[in-house]
Amino acid sequence: MYYLIKFKKGGIIMAENQYVVFKLGKSEFGIDIMNVKEIGPYEEAVSLPNTPSFIEGVINYRGKVIPVINLIKRLGLGEKNITKDTRIIVITLNEKEVGFIVDEASQTIRVSDEQIDPAPSFISGVDKRYISGVGKLDDKRLLILIDLEKVLTDDEIEEIEKLEV
């Protein structure tokens, strides 16, 4: 699942992963670049009845109707504020494209395995399952590494797969 790049540091070959960095509020998150199909500008979704509150609706993505998830709501980080920097990250989830609304997605970054700590032990339950680790980028900058494919429960994925318009 990781995009591996080998490089030498002091004669030791190390693995490096590449992540798309995005913001939700003031926090920075990273997702493995191999899971990202496209990052596009925000477009307003068409609302659908009887869907969970974190599903904004559907958009037309390259001729396909895909569901769009408000990642800020899904992760319980407050409400979204749409700005010129708001983006939709499209991934493939169980062979279906799904969009995730984020506040900003502007860069990719390489993080070596030795810079990544496991998810903190004080996080428990559902929250911990989608946090794959925490990247230490410098003395003050942390990157929460998540797996967007695990942000949704199996029941939620089933519900999204039923969203055929």
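Everything discussed here concerns the structure shown above.
Residues numbered from 1 in each chain as written. Predicted model: local features only at pLDDT ≥ 70, side-chain atom pairs only at ≥ 80, totals over all residues. Heavy atoms only, no water.

Before going further, it helps to examine the sheet that holds strand β7 (residues 87–93). Strand order in the open sheet formed by five strands is β4-β7-β8-β6-β5, with mixed pairing between adjacent strands. Edge positions in the open sheet fall to β4 (36–41) and β5 (55–61), since each of these has one partner strand only. Direction aside, neighbouring strands of the sheet carry axes that sit 30° apart on average. Relative to strand β8 (residues 96–102), strand β6 (residues 64–70) runs parallel, the two sharing three bridges. Residue N70 lies in a different strand from β8, and its bridge partner there is I101. Along the sheet, helix α3 (residues 154–161) contacts β5, β6, β7 and β8; its crossing angle with β8, the most-contacted strand, is approximately 110°. (Pairing = 2+ DSSP bridges. Helix = DSSP H or I, 4+ residues; strand = E, 2+ residues; numbered from the N terminus. Axes fitted to C-alpha atoms, helices over the stretch in contact; angles between N-to-C directions. Contact = heavy atoms within 4.5 Å.)

This part is about the pairing of strand β3 (residues 27–32). For β3, the tally of buried residues reaches five of six residues, placing the bulk of the element in the interior. Examined bridge by bridge, β3 and strand β12 (residues 142–146) share two bridges and lie parallel to one another. Bridging across to β12, G30 finds its partner in L145. (Buried < 20%, exposed > 50% of the residue type's maximum accessible area, 1.4 Å probe, protein only.)

In this section: the nonpolar core. The biggest cluster of nonpolar side chains holds 28 residues, and the ones touching the most others in it are F22, L24, I69, L71, I146 and L148. Of all elements in the fold, only β2 (12–24), β3, α1 (71–74), β7, β8 and α3 reach the threshold of two or more residues within this core. When sequence neighbours within four positions are dropped, the list of residues in contact with L24 reads F29, L71, I72, L75, L77, I101, V102 and D103. (Core = buried A, V, L, I, M, F, W, Y, C linked by side-chain atoms within 4.5 Å.)

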